[in-house]
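One-letter residues, chain by chain:
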Amino acid sequence: MITVVAHFLAGLLSALAVLVNPVLSVLGFLIFWLYELNEELHLKDAFYEELREYAFGFFLGVVILLVLRPA
């Protein structure tokens, strides 16, 4: 359960990082993707499930940004 929350938060923070610098969002995703791909290759982890958890967090982050953006 802790890993699910961690993947979700990684996606959320990657989306919100655009407020600091847009490159951080891309960099956050690439680091997460490479880490999970490495785990998949060595540990046979469920890469697609972890990517989905990340995507849910990223989606929520984008929704937060859209709701809170100035009109």
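Residues numbered from 1 in each chain as written. Predicted model: local features only at pLDDT ≥ 70, side-chain atom pairs only at ≥ 80, totals over all residues. Heavy atoms only, no water.

K.L.:
Whenever I open this one, the overall build of the protein chain confuses me. Can you help?
P.N.:
Along the backbone of the protein chain there are 3 helices and 0 strands. In sequence order, the protein chain lays out its α and β elements as α-α-α. C-alpha extents for the protein chain along the principal axes are approximately 45 × 25 × 15 Å. The buried share of the protein chain, taken over its 71 residues, is 23%. Looking at the protein chain alone, contacts between residues at least 24 apart form 61% of all its contacts between residues at least 6 apart. Of the accessible surface of the protein chain, which amounts to about 5,200 Å², a share of 77% is contributed by carbon and sulfur atoms. (Helix = DSSP H or I, 4+ residues; strand = E, 2+ residues; numbered from the N terminus. Buried < 20%, exposed > 50% of the residue type's maximum accessible area, 1.4 Å probe, protein only. Contact = heavy atoms within 4.5 Å. Areas by Shrake-Rupley, 256 points an atom, 1.4 Å probe, with all protein chains shown as cover.)

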